[in-house]
Amino acid sequence: MMNKKLLLMVICVSCFFSACQKKPDIDPAVATLIFQAETAFRNGYYNAALTITDSAIIISPDVADVYFLRGRVFTKLARLNEAEAAYRTVLSLDSNYQGARFNMGTNSIRQNDLPAAIAHYKSELLLHPSARTMVQIGRSYADLGKIDSAAFAYEEAIKTDGENAAAYMRLGHLYKDSGDVTKAIEYVTSGLNLDPENLDYKYVMGSLLLLNGEPEVSLPYFQAVTSKRPWHYWSHHNLGQALYRIGNEAEGQHYMDMAKELQKGIQEVENWRNLANMNPDQLMLWVNLGNSLKNMGRIQEAKDAYLVALSLSPMSFALQNNIANLCLMDGDTAQAIIRYEAILSLDSTLVDIWLNLGVVYASSGRKNYARQAWVKGLEFDPDNTTLRDYLETLN
Amino acid sequence: MSPYLAGKITVLFAVTIFISCENKQPVSTNKTQINFTDVTATAGLANFRHVTGAVGDKWFPESMGSGGGFIDYNGDGWSDILLVGGGVWPEKSAVFAPALFLYHNNQDGTFKNVTAAAGLADLHTYGFGITVADYDNDDDQDFFFTTIWQNHLFRNDGGTFTDVSLGSGLEKDLLWSTTAIFFDANQDGWVDLYVGSYVDWSPENDIWCTLDGNTKNYCTPELYNGVPSRFYRNNGDGTFTDKTEQAGFLPAPGKMLGATELDFNNDGWPDLAVASDTQRDLLYVNNGNGTFKEIGAVSGMAYDENGRARAGMGIDAGVVDNSGRETIFVGNFSKEMISVFRHQTGNYFEDRAALSKIGRPSLMTLTFGLFLFDAELDGDLDLFTANGHVQIGIEHTQDGIYYREPSHLFLNDGNGHFADIVPSIGGPLAQPIVGRGAAYSDYDKNGTLDILVTENNGPVHLFRNDNNENNFLRVNVKSIASARGGLGTKLVGITKNKRMVRRVKTGSSFMSHSEQTVTFGLGSEEVLDSLYVYWPNGSMEVFLNINSGQEINITEERGKWTVQ
């Protein structure tokens, strides 16, 4: 699973290349559309993002930025072949375009084509040297079992950017696998010092310490993860193991039991994720993935899955509502309101949505708006006691 | 020079190094002279071929392969070879395939097929594993044979076998069975039987799986429900009684592929470690009365370092370092290291996969057969693994993974640190095969331990160990107060520099059976200074100053040894 966690980190790394690289002579209308598409993409309106880029292409079909953005949208939707085609168009328009080959490499990793990934990253490296790309090369070599090459790549990354935490972490992982735990701890400590709040890194450090026969020292690392990620099976399991080993069997068993429960959810998530990535056009797979993530309390990831599902079924009020609810749970009241209102603009008779909209307003202190929403809901369902009860709380 | 140019030159240099690193070959500094020769053809085993019955349906059991191993069926002291032929699907083939093949050791390095003469030619089934023991205490080697349908117990009647399954109590299960192990769980002098079960599969519930999205390929076990293994108590009258639940073996996740006997807590009672495919591995600690408690998860040996269940296949356990504590080894799937867990204290084990230096070299291979033996007779237990993938054409969808894979031979430096010498010695162990079962025996009685490996839908391989520079002592034990074959007996051999702990047992590896004779590698020592024999009933005997280069017999309570 460590690899999967690191994969998530890599996907985040790809955001590095998300900024538009506008040419000086770009049509202002196209620039505006790119900005709008980027905004839509960032807010999870993937279909809108694609539609806007379509408009941009009609105006000016040879702007690489547009295709680059399309590549990123397709990647988000797990439509990797279309992403690849988009990036190839980018390179046909601008062979030096920064990030296109990097993102193609990342897509190749998702498709398990590691030699292709390495080739893409190396091409990127020649034109745009960066520690991040070197780390990706190292990662690909490591997955291919070419350890010397992987270690070299990580070391080069550190030489290039001594503050690249991922390079230290991955090099530490290599040392751990080769049996040099002392060296592994040394590198992971460096990585953690550079990114001290990174929960993935804390987990890795805890695991290393446990492996090194230091269960007591490992405890705070695992506890930091379990407190922030109550769904994190692995830290619960290892926390249980560590507690057992220091003689605290009751608490250890408690965490082992929790881990056992979480394991089912983790397995469910992985199953749905694999199926969804293999069949990205299957709506229910994304819905089920979102549901399983939501059940585990993995809000942001659940939202991401629902957003892909919504792109496949744009008129689904249920999905829009789920996403809005997750936005709310995540503290993003602005997005929640936008999405509730979007639903109501399509069907203003949905009482539950009025209710939810009122809750968002009320929770953000906008009582008048809340009142208006609940009153509106009562227009369609005058006997709704929940709405009445909520209204009462405003008085 | 501008910073831009400087940066560019640096990058070009870096890429050049990456390319050169790709071609870098591992260099072994091991100076051992160990060498193996493939003697399959000259030994007379070339005509054997395991069959899967595959006709294109890609039914799950076809990817499993079968085991084999060594048995002294005629009691002449020479290891004969028993192989599982696999099987065909009755609804797909009008011609049946032989289920078993027995080869008689001619004592000159060759073997003769005696399957029919031994009474084993008429059985047609879809077979997987064998385990050998004297279940009826009549001083000969019987065996148990697992299949996808009914399992079979064969009683040895003076060199011919009688299928005594019906009425034995073992014939009722019609589940997919895999590895079985005989051991005397309650130490009543009669070996009991643990039979591993895999998944609930039948042609009717076969699932469509694919690697490329278009063509069907073999499934992995996650998609099927596991079936718990069973435990049978030997009644001492030729029959067995199912005591799975009473003995503490339920509940269990199923999908079991390997089992080995050990005594990690040194209480004198046999414990059991079980390898499970995509489920947690299990550790059954004996309660001191023949019942068990499963402590795998708590002990730390059930999962990898991230708490993830692996695809456990072959398994073995032994003392591999100076700690004196037992270490469990489990073969796993590709991209999963071989598991290495050393007993720490109490009921806890520590993960030593990486520290043992086995983890990384085993990461890309898929290990089935796996056993500990002293390959170069230096007194340390080494680790052999037979490897081979389950997905035909895996190399086309996963880089660095191959359907046919070379074996591993990890030599132990005596401190529990291992190095795979196959890349440096080459030879038959380096040949890519679809390895499955694996077993060892000194079939040619030169003191060195030879290797038998089965392939799925392919031949068997007999690899003769040509290392005969070091001295050895081989020991057969026969218990009187305990189960006759001496199963569960612990032997500790001591020389000036070594303390070697060995255990007489069945099971281990993957659906295969190795000889029960214990081999002590003595290196350059010409005498084993002390031999402690800890009999299963708790008694202990000591024998002093035994010359090397011989095979001896020790019978419980006789107080002396005799030359074989």
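None of the values given here were measured: they were computed from a predicted structure.

(A) The arrangement of the overall build of chain A in detail. Counting its regular elements, chain A contains 22 helices and 0 strands. The C-alpha extent of chain A, read off along each of the three principal axes, is 70 × 65 × 35 Å. Here chain A holds 395 residues, and the buried ones make up 48% of them. Across chain A, the fraction of contacts at a sequence separation of at least 24, relative to all contacts at a separation of at least 6, is 42%.

(B) Spatial organisation of the overall build of chain B. Within chain B one finds 3 helices and 38 strands. Over its C-alpha atoms, taken along the principal directions, chain B stretches across nearly 90 × 60 × 50 Å. Each of the 564 residues in chain B was classed as buried or not, and the buried ones make up 58%. Considering only contacts in chain B between residues 6 or more positions apart, those separated by 24 or more positions represent 60%.

(C) Region of interest: the interface of chain A and chain B. Residue-level contacts link 36 residues of chain A with 33 residues of chain B. Where the side of chain A that touches chain B is concerned, the elements lending two or more residues are helix H7 (114-127), helix H8 (131-144), helix H9 (147-160), helix H10 (165-177), helix H12 (199-211), helix H14 (233-245) and helix H15 (249-278) of chain A. Of all the elements, H14(A) adds the most residues to the side of chain A that touches chain B, at 7 residues.

(D) Representation of the packing of helix H21 (residues 367-380) of chain A against helix H22 (residues 385-394) of chain A within the structure. Residue and element names in this part refer to chain A. At a minimum axis separation of 10 Å, H21 and H22 run at an interaxial angle of 155°. Considering the angle they form, H21 stands roughly antiparallel to H22. Seen along the crossing, H21 lies across H22 with a hand that is left-handed. Counting all contacts with H21, which are made through Lys367, Ala370, Arg371, Trp374, Gly377 and Leu378, the residues of H22 involved are Leu387, Tyr390, Leu391 and Leu394. For the contact of H21 with H22, the class distribution of residues is 7 nonpolar, 1 polar and 2 charged.

(E) Examining unusual backbone geometry more closely. In this chain, Leu250(B) is followed by Pro251(B) through a cis amide linkage whose omega measures -5°. At Asn112(A), a position not held by glycine, the phi torsion is positive, near 65°. With respect to the helices and strands, Asn112(A) occurs in the loop between helix H6 (100-110) and H7. Here the phi dihedral of Asn545(B) falls at roughly 50°; this positive angle occurs in a residue that is not glycine. Note that Asn545(B) resides in strand E36 (residues 540-547).

(F) Up close: the sheet that holds strand E22 (residues 339-345) of chain B. Residues and elements named next belong to chain B. The strand order E20-E21-E22-E23 describes an open sheet built from 4 strands, whose pairing is antiparallel. The sheet terminates laterally at strand E20 (315-319) and strand E23 (348-351), the two strands that pair on one side only. Each strand axis lies, on average, 30° off the axis of its neighbour in the sheet, ignoring direction. As defined by bridge partners, E22 adjoins E23 across 4 bridges and the pair is classed as antiparallel. Note that in E23 the partner of His343 across the bridge is Phe349.

(G) How the structure looks around the environment of Val191(B). All names here are of chain B. Along the chain, Val191 turns up in the loop between strand E10 (177-183) and strand E11 (192-197). Overall, Val191 belongs to the buried group, with 25 C-beta atoms counted inside 10 Å. Between the C-alpha atoms of Val191 and Gly549, which are 358 residues apart in sequence, the distance is 31 Å. For Val191, the contacting residues outside a window of four places in its chain are Ala133, Tyr135, Phe182, Phe183, Asp184, Asn234, Ala483 and Leu487.

(H) Focus on the pairing of strand E33 (residues 499-503) of chain B. The pairing of strand E32 (residues 490-494) of chain B with E33(B) spans 5 bridges and is antiparallel. Across the sheet, the residue bridging to Lys490(B) is Arg503(B), located in E33(B).

(I) Quick look at the sheet that holds strand E9 (residues 161-163) of chain B. Residues and elements named next belong to chain B. With respect to topology, 4 strands assemble into an open sheet ordered E6-E7-E8-E9, the strand pairing being antiparallel. The strands lining the two open edges of the sheet, one partner per strand, are strand E6 (127-133) and E9. Pairwise comparison of adjacent strand axes, ignoring direction, gives a mean angle of 25° for this sheet.

(J) Focus on the packing of H9(A) against H10(A). Residues and elements named next belong to chain A. Packing of H9 against H10 leaves a shortest axis separation of 9 Å and a crossing angle of 150°. In terms of axis orientation, H9 runs roughly antiparallel to H10. As H9 packs across H10, the resulting crossing turns out to be left-handed. Packed against H9, whose contacting residues are Ile147, Ala150, Ala151, Tyr154, Glu155, Ala157 and Ile158, the element H10 presents Ala167, Tyr168, Arg170, Leu171 and Leu174 at the interface. For the contact of H9 with H10, the per-class residue count stands at 10 nonpolar, no polar and 2 charged.

(K) How the structure looks around the confidence of the model for chain A. Summarising the model, chain A shows a mean pLDDT of 91, and 94% of its residues fall at 70 or more. Contacts from residues 1-16 of chain A, a stretch scored under 50 in pLDDT, to residues over four places away or in other chains number 15 contacts.

(L) Spatial organisation of H12(A). For H12(A), which comprises 13 residues, the first-to-last C-alpha distance of 18 Å matches the rise-based estimate of 18 Å (1.5 Å per residue) to within 8%. Counting buried residues along H12(A), 11 of its 13 residues qualify, which places the element largely inside the surrounding structure. Within H12(A), the full set of buried residues consists of Tyr201(A), Lys202(A), Tyr203(A), Val204(A), Met205(A), Gly206(A), Ser207(A), Leu208(A), Leu209(A), Leu210(A) and Leu211(A). Buried residues belonging to H12(A) abut H10, helix H11 (181-194), helix H13 (215-228) and H14 of chain A together with E23 of chain B.

(M) Structural context of the pairing of strand E31 (residues 471-478) of chain B. Residue and element names in this part refer to chain B. Of all the 8 residues making up E31, 7 are buried; the element is thus mostly covered by neighbouring parts of the structure. In this structure, E31 lies alongside strand E34 (residues 518-523), joined through 5 bridges in antiparallel fashion. The residue of E34 that forms the bridge with Val475 is Val518. As judged from the 6 bridges shared by E31 and strand E37 (residues 550-555), these two strands associate in the parallel manner. Counterpart to Asn476 in the pairing with E37 is Asn553.

(N) Spotlight on the confidence of the model for chain B. Residues and elements named next belong to chain B. Predicted confidence across chain B gives a mean pLDDT of 92, with 94% of residues reaching 70 or more. Within the model, the stretch residues 1-31 combines pLDDT values under 50 with 31 contacts to residues more than four positions away or in other chains. Both scores are available for the predicted complex, with the pTM at 0.86 and the ipTM at 0.81.

Analysis parameters
- Residues numbered from 1 in each chain as written.
- Chains lettered and ligands numbered in written order.
- Predicted model: local features only at pLDDT ≥ 70, side-chain atom pairs only at ≥ 80, totals over all residues.
- Helix = DSSP H or I, 4+ residues; strand = E, 2+ residues; numbered from the N terminus.
- Buried ≥ 20, exposed ≤ 12 C-beta atoms within 10 Å, placed from the backbone.
- Contact = placed C-beta atoms within 7 Å.
- Axes fitted to C-alpha atoms, helices over the stretch in contact; angles between N-to-C directions.
- Parallel < 35°, antiparallel > 145°, perpendicular 65-115°, else oblique.
- Left-handed = near helix turned anticlockwise from the far one by under 90°.
- Nonpolar A, V, L, I, M, F, W, Y, C, P; charged D, E, K, R; others polar.
- Pairing = 2+ DSSP bridges.
- pLDDT = per-residue confidence, 0-100.
- Expected span 1.5 Å × (residues − 1).

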